[in-house]
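What the coordinates show
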Amino acid sequence: MDTLALILIVVGALNWGLVGIFQFDLVAAIFGGMSGVVSRIIYTLVGLAGIWGITMLFRRRNRAGIMSEHDD
């Protein structure tokens, strides 16, 4: 699940990079505009992956904290 979420986060980041630099929304261009059903599903999945990514940050931080406590 983490790998899938990371892939979707990268896709979203690259798409936002294209929007910011070139004003080009690749997802909308491929899947039929921002209001297209498939585009909205992809945007939703990318958003959910971003939320999952937040949990990955906290899980890694907790693991590092646990490892540090054992090293002392």
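See above for the structure.
Just so you know, these numbers come straight off a predicted model, no measurement behind them.

Turning our eyes to something else, we now look at the overall build of the chain. Each helix and strand in the chain was counted, giving three helices and zero strands. In sequence order, the secondary structure elements of the chain are arranged as α-α-α. For the chain, the proportion of its 72 residues judged to be buried stands at 19%. Put simply, 39% of the contacts in the chain that link residues at least 6 apart link residues at least 24 apart.

A cluster of nonpolar residues, I21, F22, F24, L26, I30, F31 and V38, forms a patch on the protein surface that exposes about 700 Å² of accessible area. Those elements giving two or more residues to the nonpolar patch turn out to be α1 (2-22) and α2 (26-31). If one sorts the elements of the nonpolar patch by residue count, α2 sits on top with three residues. Looking at the element boundaries, L26 is found in helix α2. On the basis of relative accessible area, L26 is assigned to the partly exposed category, the value being 36%.

Ranked by size, the top nonpolar core spans six residues in total: A5, L8, V27, I42, V46 and A49. Elements with a minimum of two residues in this core: α1 and α3 (37-71). When residues of this core are assigned to their parent elements, the largest contribution, three residues, is made by α3. Not counting the four nearest positions on each side in its chain, V46 is found in contact with L8 and G12.

Conventions and cut-offs
- Residues numbered from 1 in each chain as written.
- Predicted model: local features only at pLDDT ≥ 70, side-chain atom pairs only at ≥ 80, totals over all residues.
- Heavy atoms only, no water.
- Helix = DSSP H or I, 4+ residues; strand = E, 2+ residues; numbered from the N terminus.
- Buried < 20%, exposed > 50% of the residue type's maximum accessible area, 1.4 Å probe, protein only.
- Contact = heavy atoms within 4.5 Å.
- Patch = residues over 30% accessible without salt bridge, like charges linked within 9 Å, V, L, I, M, F, W, Y side chains within 5 Å.
- Areas by Shrake-Rupley, 256 points an atom, 1.4 Å probe, with all protein chains shown as cover.
- Salt bridge = Lys/Arg side-chain N within 4 Å of Asp/Glu carboxyl O.
- Core = buried A, V, L, I, M, F, W, Y, C linked by side-chain atoms within 4.5 Å.

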